[in-house]
Amino acid sequence: MMDALVPTRIELARPLPPLTYLAPAGLLPGVRVKVKVRNAAATGVVLGPDPEPPQVALRPVEAVLDPFPLLPPRLMELLDFAGRYYGCGLAHLLPLCLPPAVEADWATAAPEGPRLSELRDAGLWSRLAELGEAWHRGELAFPSLFHRRGLRGAGVTEVRRTALPNPPRVTAAQARVLLALEDEGGAMLEDLLLDTAKVGHGVLAGLERHGLVERVRRLDLLSQKREDDAPDKRVELNGEQLAAVAGVTPGSFGAYLLYGITGSGKTEVYLELAERTLAAGRRVLWLVPEIGLTPRLLSRLEARFPGRVAVGHAGLNASEKQADVIRLLLNDAPLFVGVRNAVLAPLRDIGLIVVDEEQEGSYKSEEHPRFHARDLAVKRAQLSGCPVVLGSATPSLESWHAAQQGRYRLLRLMQRPAGVRLPEVKVVDLRECYKVERKKVIFSPLLLKAMRETLALGEQSMLLLNRRGFENFWMCRACGETFDCPHCSVSLTYHKGAYRLRCHLCGFESVPPEVCIHCGAEHLRGVGEGTEQIEDQLRALFPAARILRLDRDTTLRRGSLEAGLLAAELGEVDILVGTQMLAKGHNFPMLTLVGILNADLGLKIADFRAAERTFQLLTQVAGRAGRAEIPGRVLLQTYSPDHPAIVHAVAQNFEGFAAEELPYREALGYPPYAAMSLYRSEGDTPGAALEPLRKLRLRLDTLPGLRILGPLEAPIARVKDRYRMQLILKAAGRQLLGEAMRHAPLVPGGAVTLDRDPLNFGI
Ligand code: ADP
Ligand code: ZN
């Protein structure tokens, strides 16, 4: 029997409400289809039949892309939850689980069965749905369901977009190439690109001649490092580690907070738990923050579980990502390690979820859909009926509070393995230095002395300053005006090497003026040194030293950060200078001195988490020094040595910090004692940005239990010529904020967007 066509709700990954098309009856939610929207082709996702279709002539879908939902049912449940919680549609979440390039092959067949295309052509969609369910249950195999399986390996040609702006005129074929590259984040394998854009080599060559793209033999440090087979260095777990492992109950849901300083052996605990989970025949999802996916971790995993590890990395190229996702769909790799999006990986039958460095901000997506991977990991563990282990040396106050309340179980590792010592941390009071020197001091005499000693011993120093560029802003001494971005409400940063004033928000840049643009005076002055200037000064102070700067400006090229870190690890660098990207996840055996140039920078930000972030950053940086046999020292320069974040960071005392900070949060009604939602809107004028939030507030005012702040100007009131306003909701619990969402639903693509559990109030 042929299944008929019925009105079906289909959602596109665009800011639009779901649309209704005619589609074969029996298509399950999650099946991808090709549709036409305003005569252009688009990919959509089936949500289900439309019980109240609009009374207009409905268009049929152009094609059904998937024979059945390709994602495991448990994962669909998670997406359903995430969609309701964060207020976003399935079509926006699905591409994060299943890259658009992963396509099922209709020509495949189960053993003895008909080809999937035959069932399709006979209109037997319900039969296809049944086959899909059997496939997910593991009762039926489709060995060649994914025809792009096992693509090309390392050492392939990649096409990358250069920094040149789009030219005013391109041919249609060139435009397809540029668009395809843009969709994939700027880089694609050549074959795949030719295929996707449906162009020949000539088109690429033309674009290359104009400098718009470049072709590179890909040199991927991650996969290279993965190949050399380091032996598995098994350690005998100490008593605390064994207790932590024993504290985790396998086979049922439980959230655990594994708290232990850097080097206390948390990773060994994860490895042991992972091994037990795999031995029990279940799978492991292992999340690391963006900076944590290092060659070191991958080789440690590969050594322990050879051939069983698949990797999801935002930085790997499209086809490599695709190949590893396909391995998951085919149950080919029982351990998946990856960054934020990996929490949505199509891994079946999960028996353990690890979230390393759970406090890291990179787990929170700052673009739509704005989900938090750590929070979804806890939900996924609940749906999978398995333990989730959140690990950290400086837990988020949210998780710490949950552990104190008993919602999470606390596992502690208090001692460092033998031979590893905590560094000695010294505070340098910059107010005292100012009194002596009578001018602003960048390198205190104590720091300079320590650097000289370190250099003389042939050891490494690291200097941290959380501000890039040469000077933070320019100011006219005569009129006091600063030079601001014409499109954003921030000042421009001077970059000396490029000889430009740049906006760090929109990328606007201009050649620095000779005289003040406001009053014509010649007394221009830079204020607030950045990493570029620090590097300059270090080269003057230590001309013979090998100096490496790592910040967003020096690591634009893919692989350059990894290359720099590797050089530092191998001892090819004497002085490392950079922003917070240096603070995390690396192991520099030669590093014995860490200098924090201005510990107060992060404290000045108007955000209730400023102290927590500063504490975490300082503690992490300090932990970089002296992990090996040589003891390390840390010099922390500050104007506010009595600030709790600094006092406790110096003592490397997380619990002391938490005990002092939590009562403030409670008194002021901030998380973890309250839940927050942030509604944002933008407009061409301040009024246009304000109006939709004002209306929203009127609706919300009728709901009890909410504290509503705003609408107010966003901390950065204008970006790229758009004015920005925000409305903040606080409530005792998250449920109330969910009710607020249902009470005042937002229109997809409308003026207002929602950020639940916001971490970043500025952007
Ligand atoms: P963390 O993840 O907490 O930073 P790791 O698990 O990476 O700590 O451990 C730090 C170092 O100490 C690693 O080189 C690890 O192999 C080693 N180590 C951890 N536990 C033990 C142990 N019980 N015996 C010997 N060495 C250990
Ligand atoms: Zn700007």
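Model, not experiment: these values are computed from the prediction.

## Looking at the overall build of the protein
Along its length, the protein carries 23 helices and 30 strands. Its C-alpha atoms give the protein principal-axis dimensions of about 90 × 70 × 65 Å. Split into buried and exposed, the 763 residues of the protein put 52% on the buried side. Across the protein, the centroid of the 94 positively charged side chains sits 2 Å from that of the 89 negatively charged ones.

## What to know about the pattern of salt bridges
For side chains bearing opposite charge, pairing can occur when the charged atoms are close. Taken as a whole and judged by the stated rule, the model has 46 salt bridges. Arginine 304 is the partner of glutamate 275 in a salt bridge, and the nearest nitrogen-oxygen pair spans 3.3 Å. Here glutamate 275, found in helix H10 (residues 266-279), pairs with arginine 304, found in helix H11 (residues 295-304); they are 29 residues apart in sequence, far enough to count as distant. Salt bridges sharing common partners tie together Arg234, Glu268, Glu275, Arg300 and Arg304.

## Observations regarding the site of ligand 1
In the region of ligand 1, 16 residues are neighbours, and Glu236, Gln241, Gly263, Lys266 and Thr267 sit closest. One nitrogen or oxygen atom from the side chain of glutamine 241 is found 2.8 Å from a nitrogen atom belonging to ligand 1. The backbone of lysine 266 places a nitrogen or oxygen atom 2.8 Å from an oxygen atom of ligand 1. Ranked by residue count, the leading element in the shell around ligand 1 is H10, at three residues.

## Some thoughts on the pairing of strand E28 (residues 706-719)
Where E28 and strand E29 (residues 722-731) come together, eight bridges link them in antiparallel fashion. Within E29, the residue paired with leucine 709 across the bridge is isoleucine 728. Hairpin geometry of E28 and E29 is characterised by an intervening segment of two residues between the two adjacent antiparallel strands and by a positive phi of about 50 degrees at lysine 720.

## Quick notes on the domain arrangement of the protein
Each assigned domain of the protein is listed here: domain 1 (5-98 + 105-136), domain 2 (156-218), domain 3 (240-413), domain 4 (424-470 + 529-662) and domain 5 (675-756). Inter-centroid distance (C-alpha atoms) of domain 1 to domain 3 is 30 Å. The interface is formed by 20 residues belonging to domain 1 together with 20 residues belonging to domain 3. Contact between domain 1 and domain 3 buries roughly 1700 Å² in total, counting both sides, with carbon and sulfur atoms accounting for 73%. When the buried area of domain 1 at its contact with domain 3 is split by residue, Leu78, Tyr86 and Leu96 rank highest and sum to 34% of it. Taken together, domain 1 and domain 3 are joined by three residue pairs in polar contact (both at pLDDT 80 or more). Secondary structure elements with two or more residues in the side of domain 1 that touches domain 3: helix H1 (73-86), helix H2 (90-97) and helix H4 (125-137). Here the side of domain 1 that touches domain 3 takes eight residues from H1, the largest share from any one element. Tallied by class, the residues present in the side of domain 1 that touches domain 3 amount to 15 nonpolar, three polar and two charged.

## Quick look at helix H18 (residues 560-569)
Within H18 the residues assigned to the buried category are Leu561, Gly564, Leu565, Ala567 and Ala568. Looking down the long axis of H18, one finds its buried residues gathered within 160 degrees of arc, a one-sided arrangement. Buried residues along H18 sit against strand E17 (460-464), strand E23 (547-550) and strand E24 (575-578). At the C-terminal side of H18, glycine 571 shows a positive phi close to 80 degrees.

## As for the coordination of the zinc ion (ligand 2)
Around the zinc ion (ligand 2), the donor atoms from the protein are Cys485 (SG), Cys488 (SG), Cys503 (SG) and Cys506 (SG), and they sit 2.3 to 2.4 Å away. The site at the zinc ion (ligand 2) holds four donor atoms, and with the angles between them running 107 to 111 degrees, its shape is tetrahedral. Site description for the zinc ion (ligand 2): donor spacing in sequence, C-x2-C-x14-C-x2-C. Of the two residues, cysteine 488 is situated in the loop between strand E18 (471-476) and strand E19 (493-495) and cysteine 503 in the loop between strand E20 (500-502) and strand E21 (509-510); the sequence distance between them amounts to 15 residues. Taking relative accessible area as the criterion, cysteine 488 reaches 0% and is therefore assigned buried.

## Focus on the confidence of the model for the protein
Per-residue pLDDT for the protein averages 88, and the proportion of residues at 70 or more is 93%. Note on residues 148-155: pLDDT under 50 across the span, and 18 contacts to partners over four residues away in sequence or across chains.

## Observations regarding the side chain of aspartate 375
Residue placement: aspartate 375 occurs in helix H13 (residues 373-384). For aspartate 375, a relative accessible area of 17% gives the class buried. Those residues in contact with aspartate 375, other than ones at most four positions away along the chain, are Tyr86, Arg734 and Asp757.

## Focus on the side chain of glutamine 241
Residue position: glutamine 241 is located in helix H9 (residues 239-247). If we skip the residues at most four places from it in the chain, glutamine 241 touches Glu236, Ser264, Gly265, Glu268, Val269 and Leu413.

## Structural notes on the environment of isoleucine 575
Structurally, isoleucine 575 can be placed in strand E24. Sequence separation between isoleucine 575 and valine 311 is 264 residues; the distance between their C-alpha atoms is 32 Å. What isoleucine 575 contacts, discounting residues up to four positions off in sequence, is Met451, Leu455, Ser461, Leu538, Phe542, Ala545, Arg546, Ile547 and Leu548.

## Topic: the packing of aromatic side chains
Within this structure, the stated rule accounts for 16 aromatic pairs. Consider the rings of tyrosine 85 and tyrosine 86, whose centres lie 4.8 Å apart with planes at 75 degrees: the pair is edge-to-face. As far as burial versus exposure is concerned, tyrosine 85 and tyrosine 86 are alike and both buried. Each member of the aromatic cluster is reached from another via a ring pair, and the members are Tyr259, Trp400, Phe615, Phe654 and Phe657. Arginine 120 extends its terminal NZ or CZ atom over the ring of tryptophan 106, reaching a point 4.6 Å from the ring centre.

Reading the values: the criteria
- Residues numbered from 1 in each chain as written.
- Chains lettered and ligands numbered in written order.
- Predicted model: local features only at pLDDT ≥ 70, side-chain atom pairs only at ≥ 80, totals over all residues.
- Heavy atoms only, no water.
- Helix = DSSP H or I, 4+ residues; strand = E, 2+ residues; numbered from the N terminus.
- Buried < 20%, exposed > 50% of the residue type's maximum accessible area, 1.4 Å probe, protein only.
- Lys, Arg positive; Asp, Glu negative; His and termini not counted.
- Charge placed at Lys NZ, Arg CZ, Asp CG, Glu CD.
- Salt bridge = Lys/Arg side-chain N within 4 Å of Asp/Glu carboxyl O.
- Near = heavy atom within 4 Å.
- Polar contact = N/O pair within 3.5 Å; in protein donor to acceptor, adjacent residues only side chain to side chain.
- Pairing = 2+ DSSP bridges.
- Domains from an automatic or database assignment.
- Contact = heavy atoms within 4.5 Å.
- Buried area = accessible area lost by both parts, 1.4 Å probe.
- Nonpolar A, V, L, I, M, F, W, Y, C, P; charged D, E, K, R; others polar.
- Arc of directions from axis to C-beta.
- Donors = N, O, S within 2.8 Å, 3.2 Å for Na, K, Ca; no water.
- Tetrahedral: all angles 85-135°; square planar, octahedral: opposite > 155°, others 65-115°.
- pLDDT = per-residue confidence, 0-100.
- Phe/Tyr/Trp six-rings, centres within 6.5 Å; stacked < 30°, edge-to-face > 60°.
- Lys NZ or Arg CZ within 6 Å of the ring centre and 35° of its normal.

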